[in-house]
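# Reading the structure
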Amino acid sequence: MSGRPRGVRAARVAVAAVLPGELALAASLVAGARPPGWALAGAEALVLAVLLLEAWVLRSLYVAARARGADRRAARRAAVQEAVPVTVRRLVLHELRALASLGRWVRRGTHGVRPGDHAAAYTGPQTAMMYGLLFVMVIETAVLAFLIPWPVVHRVILVLDLYGVGLVLALHAACVTRPHVVRPDGSLRIRYGALFDLAVPPDAVASLRVDRRYPEGRLITLSEDGVLDLIVGSQTSVTLELNRPLPFTRPLGATAEAHTIRFHADDPRALISALCQPA
């Protein structure tokens, strides 16, 4: 494409490869996985390099759009659409929503819960792991402060480590402030933080039961026969059978359908009772 600043393709490939990995790493940390310190430091340095490249390309695209006569808002939009893939834009949106959840968490607020709704928490299996992980990350940051002799490198690693701590805390805050929701009309909203959100209408529910399982796999796992597992802390506690397949959207934007949904609620019986009681 003529007139395109150099580095656009490289920036798109790099950001599409690295930032999803960064979010996946953060999600795995919340789930309790702990990679070696050198792997975390390398991943953080790689993310920083990609963000610097992306910032340079975005500025170049913005300047080029302005030179063609676009106003500032249109130039910014064109630059982002040109340099940042759709999947990465979704990831950034998820991350911003998670960070915004920190303020809501401090205020003890919730998202999407109206008067008369039943809010069902699901963070029980991951809470202890999250706080333990944050403790280890803080200790690691303090140890690196003593081990790294170069001030510039120390400051960069410190900023990246603090950002990592904040992101893990934000992901958990998003889960706390975005619970499952049962509406008075019998509809159900199944969520996992800012990453997953599925509305189940009342006429789609065939059966609902307490069913504690300990599946293996990623946060969102769909089997070939249409069974969706939304795993929290390596477990699910509720099985929802649907009378028709429902479409859902994965965190990166891909869509699929499920006819059975297994998810976790800290008090599954209270959720089932709220859904089954008449309006």
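Here, every reference points to the structure presented above.
Presented here is an overview of the structure given in this document. (Residues numbered from 1 in each chain as written. Predicted model: local features only at pLDDT ≥ 70, side-chain atom pairs only at ≥ 80, totals over all residues. Heavy atoms only, no water.)

### So, helix α7 (residues 268–276)
Of all the positions in α7, only Pro268, Leu271, Ile272, Ala274 and Leu275 are classed as buried. Along the long axis of α7, the arc covered by the buried residues comes to 160°, so they all point the same way. What points out from α7, more than 90 degrees from its buried face, is the exposed set Arg269 and Cys276. The elements touched by buried residues of α7 are β1 (118–120), β2 (180–182), β3 (188–192), β5 (205–213), β8 (236–249) and β9 (255–263). (Buried < 20%, exposed > 50% of the residue type's maximum accessible area, 1.4 Å probe, protein only. Helix = DSSP H or I, 4+ residues; strand = E, 2+ residues; numbered from the N terminus. Arc of directions from axis to C-beta. Contact = heavy atoms within 4.5 Å.)

### Focus: the pairing of strand β4 (residues 196–200)
Burial along β4 is one-sided: Phe196, Leu198 and Val200 are buried, and none of Asp197 and Ala199, which face the opposite way, are. Pairing analysis gives five bridges linking β3 to β4, with the strands arranged antiparallel. Paired with Arg189 across the strands is Ala199, a residue of β4. Linking two consecutive strands that pair antiparallel, namely β3 and β4, is a turn of three residues; a positive phi of about 55° is found at Gly193 within it. (Pairing = 2+ DSSP bridges.)

### Examining helix α5 (residues 124–147)
End to end, α5 covers 36 Å across 24 residues, agreeing with the expected 34 Å (1.5 Å per residue, within 8%). Here α5 has its buried residues at Pro125, Gln126, Met130, Leu133, Leu134, Met137 and Thr141. (Expected span 1.5 Å × (residues − 1).)

### A closer look at the sheet that holds β9
Within the open sheet, the five strands sit side by side as β5-β8-β9-β7-β6. Their pairing is mixed. Of all strands in the sheet, those with a lone pairing partner are β5 and β6 (220–222), marking the two edges. Strand-to-strand twist in this sheet, taken as the mean axis angle between neighbours without regard to direction, amounts to 35°. One ladder, built from three bridges, connects β6 with strand β7 (residues 227–230); its direction is antiparallel. Bridged to Leu222 within β7 is Leu228. (Axes fitted to C-alpha atoms, helices over the stretch in contact; angles between N-to-C directions.)

### Some points on a nonpolar patch on the surface
Where nonpolar side chains cluster on the molecular surface, the patch consists of Phe135, Val136, Ile139, Val143 and Leu147 and spans about 480 Å² of accessible area. Structurally, Ile139 can be placed in helix α5. (Patch = residues over 30% accessible without salt bridge, like charges linked within 9 Å, V, L, I, M, F, W, Y side chains within 5 Å. Areas by Shrake-Rupley, 256 points an atom, 1.4 Å probe, with all protein chains shown as cover. Salt bridge = Lys/Arg side-chain N within 4 Å of Asp/Glu carboxyl O.)

### Description of the packing of aromatic side chains
In the structure shown here, the tally under the stated rule is two aromatic pairs. Plain terms: the ring middles of Tyr122 and Tyr192 are 6.0 Å apart, the flat faces sit at 35° to each other, and that makes the pair tilted. In this pair, Tyr122 sits in the loop between β1 and α5 while Tyr192 sits in strand β3, placing the two residues 70 residues apart along the sequence. For the pair formed by Tyr122 and Tyr192, the shared burial category is buried. (Phe/Tyr/Trp six-rings, centres within 6.5 Å; stacked < 30°, edge-to-face > 60°.)

### Overview of the environment of Gly186
Turning to its location among the elements, Gly186 is positioned in the loop between β2 and β3. Relative accessible area serves as the criterion here: at 15%, Gly186 is assigned to the buried category. When the C-alpha positions of Gly186 and Pro201 are compared, they lie 7.4 Å apart, and in sequence the two are 15 residues distant. When neighbours within four sequence positions are excluded, Gly186 is seen to be in contact with Pro202 and Leu275.

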